[in-house]
Amino acid sequence: MEKTFAIIKPDAVETKSSGKILARMEAEGFRVVAMKSHCITKAEAEGFYGEHAGKGFFGSLVAYMTSGPVFVVVLERENAVAHWRAVMGATNPANADEGTIRKEFGQSIERNAAHGSANLADAAREVTFFFSQTELL
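Quick look at the structure, then.

What counts, and where the lines are drawn
Residues numbered from 1 in each chain as written. Predicted model: local features only at pLDDT ≥ 70, side-chain atom pairs only at ≥ 80, totals over all residues. Heavy atoms only, no water. Salt bridge = Lys/Arg side-chain N within 4 Å of Asp/Glu carboxyl O. Helix = DSSP H or I, 4+ residues; strand = E, 2+ residues; numbered from the N terminus. Buried < 20%, exposed > 50% of the residue type's maximum accessible area, 1.4 Å probe, protein only. Core = buried A, V, L, I, M, F, W, Y, C linked by side-chain atoms within 4.5 Å. Contact = heavy atoms within 4.5 Å. Phe/Tyr/Trp six-rings, centres within 6.5 Å; stacked < 30°, edge-to-face > 60°. Lys NZ or Arg CZ within 6 Å of the ring centre and 35° of its normal. Polar contact = N/O pair within 3.5 Å; in protein donor to acceptor, adjacent residues only side chain to side chain. Pairing = 2+ DSSP bridges. Axes fitted to C-alpha atoms, helices over the stretch in contact; angles between N-to-C directions.

Notes on the pattern of salt bridges
When the charged atoms of two side chains lie near each other, side chains of opposite charge can form a pair.
Link 1 in the chain: Applying the stated rule across the entire model yields eight salt bridges.
Link 2 in the chain: Glutamate 46 serves as the salt-bridge partner of lysine 42, at 3.8 Å between the closest nitrogen and oxygen. A residue pair is termed a helical-turn pair when its members lie 3 or 4 positions apart in one helix, as lysine 42 and glutamate 46 do in helix H3 (residues 42-48) at four residues.
Link 3 in the chain: Glutamate 126 is the salt-bridge partner of arginine 125, the closest N and O atoms lying 3.6 Å from each other.
Link 4 in the chain: The class of glutamate 126 is buried, set by a relative accessible area of 4%.
Link 5 in the chain: Where salt bridges share partners, they join Lys3, Arg31 and Glu76 into one cluster.

Quick notes on the nonpolar core
A general feature of soluble globular proteins is that nonpolar side chains tend to end up buried together.
Link 1 in the chain: Core analysis: the largest hydrophobic core is formed by 20 residues, its most contacted members being Phe5, Ile7, Met65 and Phe131.
Link 2 in the chain: Of all the elements in the fold, those that place two or more residues in this core are strand E1 (2-8), strand E2 (31-38), H3, helix H4 (58-65), strand E3 (70-77) and helix H7 (120-130).
Link 3 in the chain: Of all the elements, H4 adds the most residues to this core, at five residues.
Link 4 in the chain: Among residues more than four places away in sequence, those in contact with phenylalanine 131 are Phe5, Ala34, Met35, Lys36, Val72, Val73, Val74 and Leu136.

As for the packing of aromatic side chains
Link 1 in the chain: Scanning the entire structure with this criterion turns up seven aromatic pairs.
Link 2 in the chain: With centroids separated by 5.8 Å and ring planes inclined at 55°, the aromatic side chains of phenylalanine 5 and phenylalanine 48 adopt a geometry described as tilted. On the criterion of sequence distance, the pair formed by phenylalanine 5 in strand E1 and phenylalanine 48 in helix H3 is long-range, its members being 43 residues apart.
Link 3 in the chain: Note on phenylalanine 5: relative accessible area 0%, which makes it buried.
Link 4 in the chain: Using a relative accessible area of 3% as the deciding quantity, one classes phenylalanine 48 as buried.
Link 5 in the chain: Considering the side-chain rings of phenylalanine 30 and tryptophan 84, the 5.9 Å spacing of their centres and the 90° angle between planes classify their relative orientation as edge-to-face. Here phenylalanine 30, found in the loop between helix H2 (18-27) and E2, pairs with tryptophan 84, found in helix H5 (residues 80-88); they are 54 residues apart in sequence, far enough to count as distant. Pair check on accessibility: phenylalanine 30 and tryptophan 84 agree, each one buried.
Link 6 in the chain: Grouping aromatic residues by their ring pairs yields a cluster made of Phe5, Phe48, Tyr49, Phe129 and Phe130.
Link 7 in the chain: Over the ring of phenylalanine 131 we find lysine 36, and its NZ or CZ is 4.8 Å from the ring centre.
Link 8 in the chain: Above the ring of phenylalanine 30, the side-chain terminus of arginine 77 is found at 5.5 Å from the ring centroid.

Digging into the side chain of threonine 100
Link 1 in the chain: Inspection of the secondary structure puts threonine 100 in the loop between H5 and helix H6 (101-105).
Link 2 in the chain: A polar contact of 2.7 Å, which involves the side chain of threonine 100, links it to the backbone oxygen of aspartate 97.
Link 3 in the chain: Residues contacting threonine 100, with those up to four places away along its chain left out, are Arg24, Ala86, Val87, Met88 and Gly89.

A word on the sheet that holds E2
Link 1 in the chain: Pairing is antiparallel across the open sheet formed by four strands, whose spatial order is E2-E3-E1-E4. Both edges of this open sheet fall to E2 and strand E4 (114-116), since each of them pairs with a single strand only. The sheet shows a mean angle of 20° between the axes of neighbouring strands, direction not considered.
Link 2 in the chain: Inspection of the sheet shows E1 paired to E3 by seven bridges, in the antiparallel sense. From the neighbouring strand, alanine 6 faces E3, where its bridge partner is valine 73.
Link 3 in the chain: Against the sheet, H7 makes contact with E1, E2, E3 and E4, and its axis sits at roughly 60° relative to E1, the strand it touches most.

All quantities given are derived from atomic positions and should not be read as evidence of function.
The structure is reproduced here in structure tokens:
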């Protein structure tokens, strides 16, 4: 079994879409290994998205991710990283396929409802960024 990391972003929490996104995760065969509501601090956002530091959108991304509560989630299933990325859809909801999370719940390239790890190495780093070993079921 493979693990991946997901965030239900502030826009999805604000629009009360979290439950629908969680239901979709389970319908897609994911097991929720860990989940918690969290308010990401500026320092956490800057660390988590550090690979984008210096890019034009970095400040806006940090401001957005700290603008309200999120749900951080660890998911497990076979081929978890690739499957969650397919379920989320393209980063820009305008380019996402019908039936994907971002097409259904995303508002813009930044306010796109969900985050997912890009690969297994990122998943491992992201899981431990927000969860201790004792929090993982």
